[in-house]
Amino acid sequence: MKTITSRDNAFYKEIKALATSSQARRKAGHSLLDGVHLCQTWLDLRGAPRHCVVSEGALGNPEVQAIVARCGAVNAPVTALPDALFNAVSQVEHGVHLLFVIDTPQPATAPALVMASVLLDGVQDPGNVGSILRSAAAAGIKQVYCSPGTAFCWSPKVLRAAMGAHFVLEIFEHVELADLVRTAQVPVLATSGYAAEGLYTLDLRLPVAWVLGHEGQGVSAEVLELATHRVAVPHLGQVESLNVAACAAVCFFEGLRQQQA
C-alpha cells in the first residue's frame, strides 16, 4: 500500500480533478466510485478497479479492510491518504472514506431496440437519472439509451443515486433517439402527462421500450410522434404530473407485475 501526504502529488491532483470535473472524467475515461457499497458491488460484478484510494482513518473499518484485501488479491493498487486530503476529494458527507478509480465502461455502438429498454430524452437531473437506472435494473431491464442532453451517467451523483445499477446495465450515451425509435423492433412507449392513453390499459407482458423526457419539457416532439404509444400515468389531486423518476418506477413495475401475473 502506498501513502500520499502532499496535495502537490500528481496522482492526488488527478483524483481531485476526477472528483470535481466532468470534463476531466470524460477526457481521462475514468470514473470514481465513492463508498463501501459501490466499491463492493463493483468488485462482485465487474472485478478489479483501476485503483483503490482509502483514508488512513478508514483503514480500521472491517468492511474497508476486506475490500482493500480483495484489491490486493487481484493486484489492484491501493493508496492511502490522510483524512484531510481524502475529505477534499470525497463528495459523500459522513461516508466511509473509500474510493475506486475505474475505467468508464465504453459499450460498442448502440444496437437496435430489440428488447426491454429505457430511452432518456434530455433527463438533466443526476438524481433522477440515477433513480431511473436503479428502478430499471430492479425491474429486469438491461439496456438504457441516453440522448445527448441527458446527464452523464457515470458522474458521481448519478452513480450514488443508482446504487450499483450501472454494473448490471448496458448504458449507451449520446444516442440519437429518433433514429433508434424509427428502427425499433419492440413497441416504443413515450410517457406524457397530456396523453389520452392510460398506463393501465396497455398490455405490457412482452418487451417494450420506455421513453422518459426532460423534467420540464417532457419527451421531444419528434420522438413523441414516432412512438408506438403515448402514455400517461393516471393520478389524482391537484398535482400536474409525477416526477420523471417516480413515473419511470410506476411504468417499469406495472410491466413487471403484468409479466409475473
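Structure shown above.
A. Local environment of the overall build of the chain. Across its full length, the chain carries ten helices and twelve strands. For 261 residues, the compact-globule estimate of 2.2 N^0.38 gives 18 Å, and the chain sits close to it at 20 Å. By the burial criterion, 48% of the 261 residues in the chain qualify as buried. For the chain, the share of sequence-separated contacts (at least 6 apart) that also reach a separation of at least 24 residues comes to 81%. For the chain, the computed accessible surface area is about 12,400 Å², with 52% contributed by carbon and sulfur atoms. In the chain, which carries 18 positive and 22 negative side-chain charges, the distance between the mean positions of the two groups comes to 6 Å.

B. Just the nonpolar core, in detail. Core analysis: the largest hydrophobic core is formed by 56 residues, its most contacted members being Phe-100, Ile-132, Leu-133 and Phe-252. The leading source of residues in this core is helix 10 (residues 244-260), at six residues. With near-sequence residues (within four places) excluded, Leu-133 lies in contact with Val-144, Cys-153, Val-158, Ala-162, Ala-165, His-166, Leu-169 and Ile-171. Judged by nonpolar contacts, the second largest core, of 18 residues, contains Leu-119, Tyr-145, Val-181 and Val-186.

C. Helix 1 (residues 10-20), seen in detail. Within the sequence span of helix 1, burial applies to Phe-11, Tyr-12, Ile-15, Leu-18 and Ala-19. All buried residues of helix 1 lie within an arc of 125° about the axis, which places them on one face of the element. Facing away from the buried side of helix 1, by more than 90 degrees, are the exposed residues Ala-10 and Thr-20. Of the residues that open helix 1, the one with a side-chain oxygen 2.8 Å from the backbone nitrogen of Phe-11 is Asn-9.

D. View of the pattern of salt bridges. Applying the stated criterion to the full structure yields six salt bridges. A salt bridge links Arg-182 to Glu-222; the shortest N-O distance between them is 2.8 Å. A residue pair is termed long-range when its members are at least 10 positions apart, and Arg-182 in helix 8 (residues 177-182) and Glu-222 in helix 9 (residues 221-226) qualify at 40 residues. Two residues, Arg-205 and Asp-203, come together in a salt bridge whose shortest N-O distance is 2.6 Å. For Asp-203, a relative accessible area of 48% puts it in the partly exposed group. The network of salt bridges with common partners includes Asp-179, Arg-182 and Glu-222.

E. Expanded view of the packing of helix 6 (residues 126-138) against helix 10. Following both chains from N to C, one finds helix 6 and helix 10 inclined at 5°, their axes separated by 9 Å at the closest point. Taken together, the axis directions place helix 6 and helix 10 in an arrangement best described as roughly parallel. Seen from helix 6, the contacting residues are Asn-128, Ser-131, Ile-132, Ser-135, Ala-136 and Ala-138; seen from helix 10, they are Val-244, Ala-245, Ala-248, Ala-249, Phe-252, Phe-253 and Leu-256. Per-class residue counts for the contact of helix 6 with helix 10 are ten nonpolar, three polar and no charged.

F. Main features of the pairing of strand 2 (residues 30-34). When you tally the buried positions in strand 2, you get five out of five residues, the bulk of the element. Side chains of strand 2 alternate between two faces, with His-30, Leu-32 and Asp-34 and Ser-31 and Leu-33 buried alike. As paired strands, strand 2 and strand 5 (residues 98-103) are joined by five bridges and run antiparallel to one another. By the bridge assignment for strand 5, Leu-33 is matched with Phe-100.

G. Main features of the sheet that holds strand 3 (residues 51-55). If you walk across this open sheet you meet the five strands as 1-4-3-5-2, and the pairing is mixed. The sheet is open, and its two edges are formed by strand 1 (2-3) and strand 2, each paired on a single side. Packed on one face of the sheet, helix 4 (residues 62-73) meets strand 3, strand 4 (78-81) and strand 5 and runs near 30° to strand 5.

H. The arrangement of the sheet that holds strand 9 (residues 188-191) in detail. Pairing within the open sheet is parallel, and its seven strands lie in the order 8-7-6-11-9-12-10. Edge positions in the sheet fall to strand 8 (170-172) and strand 10 (197-198), since each has one partner strand and no second. Summarising the sheet, strand 6 (residues 117-121) and strand 7 (residues 143-146) pair through four bridges and their orientation is parallel. Residue pairing across strands places Leu-120 opposite Cys-146, the latter belonging to strand 7. Against the sheet, helix 6 touches strand 6, strand 7, strand 8 and strand 11 (209-213), its axis set at about 170° to strand 6.

The rules we used
- Residues numbered from 1 in each chain as written.
- Predicted model: local features only at pLDDT ≥ 70, side-chain atom pairs only at ≥ 80, totals over all residues.
- Heavy atoms only, no water.
- Helix = DSSP H or I, 4+ residues; strand = E, 2+ residues; numbered from the N terminus.
- Rg over C-alpha atoms; globule rule 2.2 N^0.38 Å.
- Buried < 20%, exposed > 50% of the residue type's maximum accessible area, 1.4 Å probe, protein only.
- Contact = heavy atoms within 4.5 Å.
- Areas by Shrake-Rupley, 256 points an atom, 1.4 Å probe, with all protein chains shown as cover.
- Lys, Arg positive; Asp, Glu negative; His and termini not counted.
- Charge placed at Lys NZ, Arg CZ, Asp CG, Glu CD.
- Core = buried A, V, L, I, M, F, W, Y, C linked by side-chain atoms within 4.5 Å.
- Arc of directions from axis to C-beta.
- Polar contact = N/O pair within 3.5 Å; in protein donor to acceptor, adjacent residues only side chain to side chain.
- Salt bridge = Lys/Arg side-chain N within 4 Å of Asp/Glu carboxyl O.
- Axes fitted to C-alpha atoms, helices over the stretch in contact; angles between N-to-C directions.
- Parallel < 35°, antiparallel > 145°, perpendicular 65-115°, else oblique.
- Nonpolar A, V, L, I, M, F, W, Y, C, P; charged D, E, K, R; others polar.
- Pairing = 2+ DSSP bridges.

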